[in-house]
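Okay, here's what each chain looks like letter by letter:
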Amino acid sequence: MNYPLIERISTTIVDLPTIRPHKLAMHTMQQQTLVIIRLRCSDGIEGVGESTTIGGLAYGNESPESIKQNIDRYFAPMLVGLDASNINSAMQRLDKVIKGNTFAKSGIESALLDAQGKRLGLPVSELLGGRVRDSLEVAWTLASGDTARDIAEAEQMLDQRRHRIFKLKIGANEVAHDLRHVIAIKQALGERASVRVDVNQYWDESQAIRACQVLGDNGIDLIEQPISRINRAGQVRLNQRSPAPIMADESIESVEDAFSLAADGAASVFALKIAKNGGPRAVLRTAQIAEAAGIALYGGTMLEGSIGTLASAHAFITLNALTWHTELFGPLLLTEEIVVEAPVYRDFALHVPRTPGLGLTLDEERLAFFSRR
Ligand SMILES: [Mg+2]
């Protein structure tokens, strides 16, 4: 039998403007940088993947520049000549010789799945065992840094039926200031919206004990990563005493982290991110650990563009339950597209294509225009 071989892997760094400055505790985004991966196969099929992080090295151990360099220098020579249709074999080979680098691995795994889906005429969700829904409800992050502006933005999203779940990025200011900001937004939106916070590890346990109580008492539905991923015992204690559920995000840097968090009882919700597990298939292993442990799921994002967002979505639509829905709004934060048809958002949800592969086509002209030289 003739197997299609991986012939060439190329990477491109793309810088795209955002609709407004996006304030996170560790970084303010003025643009987003994507690494686009193209995986050319001997049967003429090309798979496309994306490896994206936030704020250079502000979020994780990999930057766009290191992702590109590592794929070009170490991943590509390892993969060229392998059977492009055997994703297990290719990814196991990578895991054996390349430590960590889950963001880069996620883009490669996405590209292999996209190629195989195009080859077989199947959406990636069907390669992952089959979708059980066609759309995913999507939260929006209010991150202008200004309370009145955030409330106005939320009202606009509700009017447009685009989002009714809002996540607030807090932690950079004094706790009392952040709590006032969050409570004012919740009071303005009331029962019309779910309001949640993401602290991005910025509190210590002593701050988090009281803050989680106040947030829970004021109708905040979910508290994401209040304290450092390093303080495991503190996470376990907070998870026991917080009136609002605690979600682990930064605490999960690998499938193995998910297991040890579940074993310790450190969170009642897991944020799933393909980039932090090593791809759409890898993230489903974390989901299975959570399901077995009775931990609820949330579909997270690294604010990827359309390619990374749909790679995540194809995995998430195969899950039995996504109690806390998703935050796959990355493409909506960008003012420009590098694919021909942008993903469809309507009625509070992202609608996942049923066309082969990830369901996207690169717009070569726009890709070239926004590529970093
Ligand atoms: Mg987070």
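Reading the values: rules and limits
The residue numbering used here restarts from 1 in each chain and proceeds along that chain's sequence as written. Since the coordinates come from a predicted model, pLDDT governs what is reported: local features require at least 70, and pairs of side-chain atoms require 80 or more to be given and counted, while whole-chain, interface and lining totals use all residues. Derived side-chain values reflect all non-hydrogen atoms in the structure, with water molecules and hydrogen atoms excluded from consideration. UniProt positions are given in the numbering used here, feature names are shortened, and annotations may be inferred rather than shown by experiment. Here, nonpolar core means buried Ala, Val, Leu, Ile, Met, Phe, Trp, Tyr and Cys residues that are tied together by side-chain atoms lying within 4.5 Å of each other. Burial classes follow relative accessibility: with a 1.4 Å probe on protein chains only, a residue under 20% of its type's maximum area counts as buried, one over 50% as exposed, and anything between as partly exposed. Per the annotation, domain bounds derive from an automatic or database assignment of domains. Two residues qualify as a contact provided that any one of their heavy atoms is within 4.5 Å of a heavy atom in the partner residue. DSSP-based pairing: two strands are paired if at least 2 bridges between them are found. Secondary structure is summarised from DSSP: a helix means a run of H or I of at least four residues, a strand means a run of E of at least two, and numbering begins at the N terminus for each. Note on geometry: axes are C-alpha line fits, over the in-contact stretch for helices, and angles between N-to-C directions span 0 to 180 degrees. The rule for donors is simple: N, O or S, within 2.8 Å of the metal, or within 3.2 Å if the metal is Na, K or Ca. Water isn't counted, so a site may look like it is missing partners. Summed over both partners, the accessible area lost on bringing two parts together, with a 1.4 Å probe, is the buried area. Small angles under 35 degrees read as roughly parallel and large ones over 145 as roughly antiparallel, with 65 to 115 read as roughly perpendicular and the rest as oblique. We call Asp, Glu, Lys and Arg charged. Ala, Val, Leu, Ile, Met, Phe, Trp, Tyr, Cys and Pro are nonpolar, and the rest, Gly among them, are polar.

- As recorded in an unreviewed UniProt entry, the protein goes by Muconate cycloisomerase and comes from Pseudomonas laurentiana.
- Turning to the protein, the UniProt annotation filed under Sequence similarities (unreviewed entry) states: "Belongs to the mandelate racemase/muconate lactonizing enzyme family."

Considering the nonpolar core
Point 1. Membership of the largest hydrophobic core comes to 118 residues, with the highest contact counts inside it found for Ile108 and Phe270.
Point 2. If you count residues domain by domain, this core takes at least three from each of domain 1 (6-121 + 363-370) and domain 2 (127-351).
Point 3. Every residue in contact with Ile108, bar those within four places of it in the chain, is listed here: Ile9, Ile37, Ile71, Phe75, Leu79, Met91 and Leu94.

Comments concerning the sheet that holds strand E1 (residues 6-24)
Point 1. Sheet architecture is open: three strands sit in the order E1-E2-E3, paired in antiparallel fashion. Unpaired on one side and paired on the other, E1 and strand E3 (46-52) mark the two borders of the sheet. The sheet shows a mean angle of 20° between the axes of neighbouring strands, direction not considered.
Point 2. Judged from the 14 bridges that link them, E1 and strand E2 (residues 27-41) form a sheet pairing that is antiparallel. Looking across to E2, one finds that Lys23 is bridged to Thr28.
Point 3. This element, helix H3 (residues 102-120), spans E1, E2 and E3 of the sheet and lies at about 155° to E3.

Observations concerning the UniProt feature "active site" (unreviewed entry) in the protein
Point 1. UniProt's entry tags Lys169 and Glu327 with the feature "active site" (unreviewed entry), counted in the numbering of this structure. Of the residues just listed, which span 159 residues, no C-alpha pair is farther apart than 12.8 Å, and they cluster in one region.
Point 2. Looking at the element boundaries, Lys169 is found in strand E6 (residues 165-169).
Point 3. Setting aside anything within four residues of it in sequence, one finds Lys169 in contact with Lys23, Leu24, Thr141, Leu142, Ala143, Asp198 and Asn200.

A look at the coordination of the magnesium ion
Put simply, a metal with four donors set out as a tetrahedron has ideal angles of 109.5 degrees, and one with six donors set out as an octahedron has ideal angles of 90 or 180 degrees.
Point 1. At the metal site, the magnesium ion is ligated by Asp198 (OD), Glu224 (OE) and Asp249 (OD), and these contacts range over 2.1 to 2.3 Å.
Point 2. All donors of the magnesium ion come from a single chain, and their spacing in sequence reads D-x25-E-x24-D. A residue pair is termed long-range when its members are at least 10 positions apart, and Asp198 in strand E7 (residues 194-198) and Asp249 in the loop between strand E9 (246-248) and helix H9 (255-264) qualify at 51 residues. The exposure classification of Asp198 matches that of Asp249, with both residues buried.

Here's the deal with the sheet that holds strand E12 (residues 344-346)
Point 1. Reading across from one edge, E4-E13-E12 is the order of the three strands in this open sheet, with antiparallel pairing throughout. With partners counted over all chains shown, the strands left at the sheet margins are strand E4 (135-137) and E12, one partner each. Neighbour-to-neighbour, the strand axes of the sheet open up by a mean angle of 25°, direction not taken into account.
Point 2. Contacts from helix H12 (residues 306-316) reach E4, E12 and strand E13 (349-351) within the one sheet, and its direction differs from that of E13 by about 95°.

A word on the environment of Leu168
Point 1. The residue Leu168 is located in strand E6 in this model.
Point 2. Leu168 sits 28 residues away from Arg196 along the chain, and the two C-alpha atoms are 6.1 Å apart.
Point 3. Once you skip the residues sitting within four places of it in the chain, Leu168 turns out to touch Leu142, Val182, Ile185, Val195, Arg196, Val197 and Asp198.

Thoughts on the domain arrangement of the protein
Point 1. Here the protein is described as being made up of domain 1 (6-121 + 363-370) and domain 2 (127-351).
Point 2. Relative placement of domain 1 and domain 2: their C-alpha centres are 23 Å apart.
Point 3. Tallying the contact residues gives 41 residues for domain 1 and 48 residues for domain 2.
Point 4. Here domain 1 and domain 2 share an interface that buries about 3,500 Å² over both sides, 63% of which is from carbon and sulfur atoms.
Point 5. In terms of surface lost to domain 2, no three residues of domain 1 exceed Arg20, Ala25 and Tyr59, which account for 18% of the buried area on that side.

A few points about the UniProt feature "domain: Mandelate racemase/muconate lactonizing enzyme C-terminal" (unreviewed entry) in the protein
Point 1. Under the UniProt annotation, "domain: Mandelate racemase/muconate lactonizing enzyme C-terminal" (unreviewed entry) lies at residues 148-245.
Point 2. The span residues 148-245 is 51% helical and 12% strand by assignment, and the distance between its end C-alpha atoms comes to 27 Å.

Things to note about the packing of H3 against helix H11 (residues 280-293)
Point 1. In contact at an axis separation of 7 Å, H3 and H11 are set at 110° when each is read in the N-to-C sense. Judged on the interaxial angle alone, H11 and H3 are roughly perpendicular. Facing H3, whose interface residues are Ser106, Glu109, Ser110 and Leu113, H11 presents Pro280, Arg281 and Ala282.
Point 2. Its residues assigned to classes, the contact of H3 with H11 comprises three nonpolar, two polar and two charged.

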